[in-house]
Each structure stands twice: as structure tokens, then as C-alpha cells.
Amino acid sequence: MPSPIPRDAKVLVTGGRGMVGSALLRRFRAEGFANLLAPTRDEVDLRDQAAVDAWFDRQRPKVVVHAAGTVGGIEANRTRPAEFLYDNLMLHATVMRAAWRTGVRRLLYLGSSCVYPRDCPQPMREEHLLSGPLEPTNDAYAIAKIAGVKACDAYRRQHGCDFFAAMPTNLYGPGDNFDPQNSHVVAGMIQKFHTCRQQGSGRRSVALWGTGAPRRELMHVDDLADACLTLLDRYEGAGPVNVGVGVDTAVSELAEQVRSIVCPDATIDYDTTKPDGAPRKLLDVSRLESLGWRSRIPLADGLRSTYEWFLENEA
Ligand SMILES: NC(=O)C1=CN([C@@H]2O[C@H](COP(=O)(O)OP(=O)(O)OC[C@H]3O[C@@H](n4cnc5c(N)ncnc54)[C@H](OP(=O)(O)O)[C@@H]3O)[C@@H](O)[C@H]2O)C=CC1
Ligand SMILES: C[C@H]1O[C@H](OP(=O)(O)OP(=O)(O)OC[C@H]2O[C@@H](n3cnc4c(=O)[nH]c(N)nc43)[C@H](O)[C@@H]2O)[C@@H](O)[C@@H](O)C1=O
């Protein structure tokens, strides 16, 4: 596939109703892509090889951005490892095989920064993959995502497929999952501080998880979508590419920022029976930045706009 991607190419975005998939569709539509396909799970369960094969035979996409996944925060990963392993293994195994079989010209697979070792040198570089033990709270999901990254390499080596992986950091934004048990940290905090605000006057406490000491690199999903378009148009390498903003924030500092936006008179209690997870997961994004890409959505702006979206759509 010549770079940049022709804007009339038939592009499949899997997971199109999810946070990442819907951001990808917004960005591609804004860019003028005229032939976007985003089947729902009801139209094709992407874990079902026969159904995926039949769909690809019928539709014949030329580009695939594979964003479908069984996704969740630290508690969802810790408590549902078998589901996260099975679903995320099947989701890329079926789609990549069908993509190869039907001659897809370029495939971008969404990996994750959780694939790196728990005690990885910081910032984490793509070469650090498989260099040490994983974070136990999400090792099942990480193994499934690592298999996806390796599958891109395997199809490239055996069949010459132009498949590669983006490795996003922790994401947040419109369309996120705000369920207090299954969500990631930003959405979980927004939900909890909003519930506190709803409880009315008087100082109310919000129970957050862990110690507040870990650090997370937090990226707005619209930045991610823009980075994925840059990768599709400009990346001519083969290996995975980290996608992040290059700075991280302590969980406790994030909590203060969300509190000041949503419920300033709340008090914060940390439930240390809940896990901290990885102490830090800052990505080295020099490979992406060498393509000329820079993040554009500061955390403070992103948190405020995400809360506004939450109020209009989830509250
Ligand atoms: N959120 C984050 O912080 C990060 C996410 N990622 C990766 O980005 C990708 C998207 O994540 P995100 O948008 O947050 O997740 P969401 O849960 O918001 O979206 C996942 C999407 O995948 C779809 N899906 C799941 N299983 C199937 C299936 N069997 N058949 C068809 N569709 C299916 C869902 O469909 P339905 O709407 O019907 O449920 C949903 O649209 C994932 O690959 C994830 O690993 C990587 C790093 C960080
Ligand atoms: C994207 C990434 O996301 C996951 O890894 P994670 O970053 O550890 O997950 P998280 O966003 O849920 O937590 C980040 C930190 O925040 C703390 N924390 C405080 N209070 C709340 C809270 O209320 N909710 C949540 N979810 N976390 C909280 C929490 O204790 C932890 O220290 C994996 O799914 C992994 O697979 C993955 O890919």
C-alpha cells in the first residue's frame, strides 16, 4: 500500500462503537475517507473464524485498523483473566488470518503499553518487549496482546503482509467505559467524583484504589486516533510503535485534577486493599515523533472535555 493511504480505499475499523474505534472513525471521516466499514458485534462476532472469513470474502477491505478488544481497567483484568486471554487472542487470530487470505494491503493492530515488563526501564522502548516478567494484574491480557504484536511480525515474515502494531498508553476520552468496577482510572475517577457531587452538600469521601503512588501516561483518544492516521500514512517500518504523550502523572495528582473539575469539596480515601499495578508505564515515543507527530491535547483540557462529554451522555 503506497503511503499515504488513498482516501478512497476501503477501510475496515473493528470495534467501531468503542472508545478507540469511534475516535478512529471521527478522525478518518474528518480526513475525507469515503469508504469506511465498521461492522458491529451483532453483524460479525470477530472471535468466529468462519464468520470473519465470510465477512472478509464479501467485503474485501484493503486496509484494516483492528481496534476490537475485550478491554478494562486493573480490576477487570485482575478478576477476568480467562475471558481477557481468550477474547483478545481470538480477536486478532481470526482477523489477521482473514486479512492475509483476502490480500489486505495494510493492517494496524492496537496493542497496549501493558505488554512491557512490570519493572521495565523507563521510558519503555519497543525493544524492551519480552525482556522481563509481566505485571500480574493484567498478564493474561498482556500475553494476548503480545501474541497480536508477534502475529503482525509472523504474517510479515512468512507472507510479506504489511501488518504492524501501535502500542498505546492508557487512554481516556469520549466513549470510554465509565463503570466504576471495570473502567480505567480516568473514567473511574470521573464516575466516582460525579457520584459524590450528586450526593449534594457536605464533604463526601471518594474511595480510590491503591496508594495513589503509581504513575500513568494518559492520552486523549483523539490524539491516539490522529497518531494512528500518521502511522498509516507515514510509517514504513515493520516493528511495533509506541503511542503516547511523553509525560506521566501520579495517580494522586490525577485524582486532585479530577476532583477540582468535578467535585472540589470531596475528600479522597485510598483503598489499599485494591492493587496499584505497575509502578510506572511511561513510553519512549521517539519512533512515533520521528514521523513528525506530536500530541495536541493537554491532560487538563482532555479531562475537562471528557467530563463535559460524560455529563451529556452518561450522567
Ligand atoms: N482503553 C485503553 O486505555 C487502551 C486500549 N487499548 C486497545 O485499544 C483497543 C480498543 O480499546 P477501547 O476502545 O478502549 O475498548 P472498548 O471496550 O471501548 O471497545 C472495544 C470494541 O471492541 C468490540 N468488540 C469486542 N469484542 C468483540 C467481538 N467478539 N466481535 C466484534 N466486536 C467486538 C466492542 O463491541 P461492542 O461495542 O459490541 O461491545 C467494542 O466496540 C483494544 O484493542 C485495546 O486493547 C490499548 C491501550 C490502552
Ligand atoms: C491501559 C492499561 O490499563 C490497565 O492497567 P492500569 O493502567 O494499571 O489500569 P487502571 O487505569 O485501571 O489503573 C491505573 C492506576 O490507577 C489506580 N486507581 C485509583 N483509583 C482507581 C479507580 O477508581 N479506578 C481504576 N481503574 N484505577 C484506579 C489503580 O490502582 C492503578 O494504580 C490494564 O487494563 C492494562 O491491561 C492496560 O492496558
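Before any of the text, the structure's been laid out above.
Source: prediction; values computed, not measured.

A.B. asks: So what exactly am I meant to see when it comes to the pattern of salt bridges here?
C.D. replies: When the charged atoms of two side chains lie near each other, side chains of opposite charge can form a pair. Per the counting criterion, the structure on display carries 26 salt bridges. Across the salt bridge formed by Asp45 and Arg47, the nearest N and O atoms sit 2.7 Å from each other. The class of Asp45 is partly exposed, set by a relative accessible area of 26%. Overall, Arg47 belongs to the partly exposed group, its relative accessible area being 27%. The closest approach of N and O atoms between Asp53 and Arg101, which form a salt bridge, is 3.3 Å. Here Asp53 is found in helix H2 (residues 49-59), whereas its partner Arg101 is found in helix H4 (residues 81-101), with 48 residues between them in sequence. Judged by its relative accessible area of 14%, Asp53 is buried.

A.B. asks: Help me understand the site of ligand 2, please; the structure alone is not making it clear to me.
C.D. replies: Around ligand 2, a shell composed of 21 residues is seen, among which Gly72, Asn77, Asn170, Lys192 and Asp276 lie nearest. In the environment of ligand 2, a nitrogen atom lies 2.8 Å from a nitrogen or oxygen atom belonging to the backbone of Ser183. For ligand 2, whose accessible area on its own is 690 Å², the fraction buried by protein is 98%. Grouping the amino acids of the shell around ligand 2 by side-chain chemistry returns nine nonpolar, eight polar and four charged.

A.B. asks: For this particular structure, what's the right way to read unusual backbone geometry?
C.D. replies: A negative phi holds for most residues other than glycine; trans holds for most peptide bonds. Cis rather than trans, the peptide bond between Gln122 and Pro123 has omega equal to -5°. By the element assignment, Pro123 lies in the loop between strand S4 (106-110) and helix H5 (139-159). The residue Arg60 is not glycine, and still its phi comes out positive at about 50°. For Arg60, the position within the fold is in the loop between H2 and strand S3 (63-66). Of the residues examined, Arg60 reaches a relative accessible area of 41% and is grouped as partly exposed. Phi at Leu130 is positive, roughly 65°, even though this residue is not glycine. Position of Leu130 among the secondary structure elements: in the loop between S4 and H5.

So, how was this worked out
Residues numbered from 1 in each chain as written. Chains lettered and ligands numbered in written order. Predicted model: local features only at pLDDT ≥ 70, side-chain atom pairs only at ≥ 80, totals over all residues. Heavy atoms only, no water. Salt bridge = Lys/Arg side-chain N within 4 Å of Asp/Glu carboxyl O. Buried < 20%, exposed > 50% of the residue type's maximum accessible area, 1.4 Å probe, protein only. Helix = DSSP H or I, 4+ residues; strand = E, 2+ residues; numbered from the N terminus. Near = heavy atom within 4 Å. Polar contact = N/O pair within 3.5 Å; in protein donor to acceptor, adjacent residues only side chain to side chain. Areas by Shrake-Rupley, 256 points an atom, 1.4 Å probe, with all protein chains shown as cover. Nonpolar A, V, L, I, M, F, W, Y, C, P; charged D, E, K, R; others polar.

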